[in-house]
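Descriptive analysis of the structure
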Amino acid sequence: PFDVLIVGGGPAGAAAAVYAARKGIRTGVASERFGGQVLDTLGIENFISIKETEGPKFAHALEEHVRNYDVDIMNLQRAKALIPNTGAGKDMIEIQLESGATLKSKSVIISTGARWRNINVPGEQAFKNKGVAYCPHCDGPLFKGKRVAVIGGGNSGVEAAIDLAGIVGHVTLIEFDTALRADAVLQRKLMSLKNVEVFTNAQTTEITGDQKVNGLVYKDRTSGELKTVPLEGVFIQIGLVPNTDWLQGVVELSKHGEIIVDARGQTSVPGVFAAGDATTVPFKQIIIAAGDGAKAALGAFDHLIRSTAP
Ligand code: FAD
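Residues numbered from 1 in each chain as written. Predicted model: local features only at pLDDT ≥ 70, side-chain atom pairs only at ≥ 80, totals over all residues. Heavy atoms only, no water.

1. Considerations on the sheet that holds strand E14 (residues 202–209)
Pairing is antiparallel in the open sheet, where three strands are placed in the order E14-E15-E16. Among the strands making up the open sheet, the edge pair consists of E14 and strand E16 (226–230). Taking the axes of each pair of neighbouring strands and ignoring which way they run, one obtains an average angle of 25° across the sheet. (Pairing = 2+ DSSP bridges. Helix = DSSP H or I, 4+ residues; strand = E, 2+ residues; numbered from the N terminus. Axes fitted to C-alpha atoms, helices over the stretch in contact; angles between N-to-C directions.)

Next comes the structure, spelled out in structure tokens:
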């Protein structure tokens, strides 16, 4: 059994593992894909102290740092259920894996991250990292002075369009519905920008390109006409889905499915902590996930020294 079992091996899980192991307690990390979303990232330029690096290189460095400590790394393991410590002589939390195995631990840190919702049109997969992007904070500067589209007129889409308008040459915002759904204050700000154009009732049907993205095709849902927008980048902003389905009904989740945590990373279940993109933390970024992973490990350690019999 472990003192701290971490589920998920992205930046949050890796930081939690290093912090837990440095307390000299039995630490394990079970994850489907060590590295997490970073593995799908081309360039990283906003992890403070590293001017620039590549995603897979960063992911490798995360794993190497964790391996420097006495941590039991269990890769290619997907958790399917968490069974809380029910007391009554049972002082362990259980994590059931898809493989059929069950892991036991005095405390658990969930860091299963999230995934961007895909729009599933031709060109999206082919041009990922070649003009198709999901994170304006990360990839906005790559499109300095160029033309981009933002797909999605909710809060995240409109925020992305406002953010990008300050960096890129021109922004086209495309919303499927007949109206934007973002807060009025954001919509007003958006409409005040000179280099932004908004199309509503517009269904994106294809992202086109050669080596890189060169355009977007949408259907005007009023006339049924197909229209092409020439551009260099497309930001898809139709939602971030936390990897928390397996926790439903056990750990308290927000209406978006994010794990609700307090300032120490504690969830609604005693001894269960969480960190990173899977939680209610605002702003999903590597450095934020890593910081929260460290925080959750210290929270878990604090929980252990208060609750474990000497
Ligand atoms: P994740 O990185 O999502 O890791 C989750 C981990 O949990 C993985 O190991 C996964 O395999 C595992 N897992 C999931 N479900 C289960 C399960 N049921 N059982 C076991 N394991 C499971 N941020 C920046 O700061 N800068 C950037 O430049 C940047 N660029 C990005 C580019 C792209 C294309 C993407 C997709 C994201 C980018 N981000 C960037 C965001 C950043 O990658 C995330 O904020 C960060 O990775 C979140 O870390 P995390 O540890 O919370 O989750």
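2. What about the packing of aromatic side chains?
For the structure shown, the criterion picks out four aromatic pairs. Judged by centre distance (5.4 Å) and plane angle (75°), the ring pair of Phe143 and Phe235 falls under edge-to-face. Taken together, the positions of Phe143 in the loop between helix H3 (136–139) and strand E11 (147–151) and Phe235 in strand E17 (residues 233–236) put the pair 92 residues apart, joining distant regions of the chain. Accessibility classification places Phe143 together with Phe235 in one group, the buried group. For the pair Phe199 and Tyr218, a centre-to-centre distance of 5.2 Å together with 25° between the ring planes defines the contact as stacked. A residue pair is termed long-range when its members are at least 10 positions apart, and Phe199 in strand E13 (residues 196–199) and Tyr218 in strand E15 (residues 213–220) qualify at 19 residues. Here Tyr218 falls in the buried class, since its relative accessible area comes to 5%. The cationic tip of Arg221 hangs over the ring face of Phe176; the distance from NZ or CZ to the ring centre is 3.7 Å. (Phe/Tyr/Trp six-rings, centres within 6.5 Å; stacked < 30°, edge-to-face > 60°. Buried < 20%, exposed > 50% of the residue type's maximum accessible area, 1.4 Å probe, protein only. Lys NZ or Arg CZ within 6 Å of the ring centre and 35° of its normal.)

3. Considering the packing of helix H4 (residues 155–165) against helix H5 (residues 184–191)
Two elements in contact, H4 and H5, have axes separated by 10 Å at closest approach and are oriented at 30°. Between H4 and H5, the angle is such that the two are roughly parallel. In this structure, the crossing between H4 and H5 has a hand that is left-handed. Across from Asn155, Val158, Glu159, Ala161 and Ile162 in H4, the residues of H5 making contact are Leu186, Gln187, Lys189 and Leu190. The residue inventory of the contact of H4 with H5, partitioned by class, reads five nonpolar, two polar and two charged. (Parallel < 35°, antiparallel > 145°, perpendicular 65-115°, else oblique. Left-handed = near helix turned anticlockwise from the far one by under 90°. Contact = heavy atoms within 4.5 Å. Nonpolar A, V, L, I, M, F, W, Y, C, P; charged D, E, K, R; others polar.)

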